[in-house]
Amino acid sequence: MAYLLVVTGKNEGDFHPLPRQSVTIGRSETCTIQIVDDDVSREHIKVRYDRAGHTYHATDNLSANGVLINGSQIDDEIQLANGDMIKIGSSELIFSERDDTDRDNAIEHHRRSTQEEIVVTRIVE
């Protein structure tokens, strides 16, 4: 099951398995996933599950500060891919299609993959 892992911000370490339906992410308590961040709109982003393609898609919900996916601001709906970094406000979330069933496994996987990227970068330099 896909999930979002908050890797920076006040909610760092929060683990959110994604259901196979649409979810809203924002500052409001009514959102499926609440992010406590003054720079996040009440209903900042929508993540939609496409049953036909078995894929997840992100849409900026007319937020004040926009949505960045892998450093690029999105204007239209974009299909999410494993490892995509979603930045809303000062919070960053990793989208994963892995079958990690709990927070600890997701965090450990993220730490290992981040360390591998650093090692590869140092070797290349």
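Parameters at a glance
- Residues numbered from 1 in each chain as written.
- Predicted model: local features only at pLDDT ≥ 70, side-chain atom pairs only at ≥ 80, totals over all residues.
- Heavy atoms only, no water.
- Salt bridge = Lys/Arg side-chain N within 4 Å of Asp/Glu carboxyl O.
- Helix = DSSP H or I, 4+ residues; strand = E, 2+ residues; numbered from the N terminus.
- Buried < 20%, exposed > 50% of the residue type's maximum accessible area, 1.4 Å probe, protein only.
- Pairing = 2+ DSSP bridges.
- Phe/Tyr/Trp six-rings, centres within 6.5 Å; stacked < 30°, edge-to-face > 60°.

**Q** Which residues make up the pattern of salt bridges, and what are the values?
**A** Pairs may arise between side chains of opposite charge once their charged atoms sit close together. Applying the stated criterion across every chain yields a total of one salt bridge. Residue R48 is joined to E77 by a salt bridge in which the shortest nitrogen-to-oxygen separation is 2.8 Å. With R48 in strand β5 (residues 45–50) and E77 in the loop between β8 (72–73) and β9 (78–79), the pair connects residues that are 29 residues apart, well separated along the chain. For R48, a relative accessible area of 26% gives the class partly exposed. Accessibility expressed as a relative area gives 41% for E77, which makes it partly exposed.

**Q** Go over the sheet that holds strand β10 (residues 85–88), please, and point to the residues and values.
**A** Here we have six strands laid out as an open sheet, ordered β2-β1-β11-β10-β7-β8, and antiparallel in their pairing. The open sheet has two free edges, formed respectively by β2 (15–17) and β8, since each of these has just one partner strand. Of the strand pairs in this sheet, strand β7 (residues 67–69) and β10 are connected by three bridges, and their pairing is antiparallel. For V67, the partnering residue across the bridge sits in β10 and is I88.

**Q** I'd like to hear about unusual backbone geometry, residue by residue, with values.
**A** At H54, a residue that is not glycine, the phi angle is positive and equals roughly 55°. Tracing the sequence through the fold places H54 in the loop between β5 and β6 (55–60). For N70, which is not glycine, the phi torsion reads 50° and is therefore positive.

**Q** Tell me what's going on with the sheet that holds β5, and back it up with residues and numbers.
**A** Spatially, the five strands line up as an open sheet ordered β4-β3-β5-β6-β9, and their pairing is mixed. What marks the edges here is a single partner per strand, and that holds for β4 (33–34) and β9. Where β5 lies against β6, six bridges are found, and the strand directions are antiparallel. The residue bridging R48 from the neighbouring strand is H57, located in β6.

**Q** So what's going on with the packing of aromatic side chains? Residues and values would help.
**A** Tallying each qualifying case throughout the model produces three aromatic pairs. A centroid spacing of 4.9 Å and a plane angle of 55° characterise the contact between Y49 and Y56, whose relative ring orientation is tilted. On the basis of relative accessible area, Y56 is assigned to the buried category, the value being 5%. Through pairs of rings, three or more aromatic residues link up here, namely Y49, Y56 and F95.

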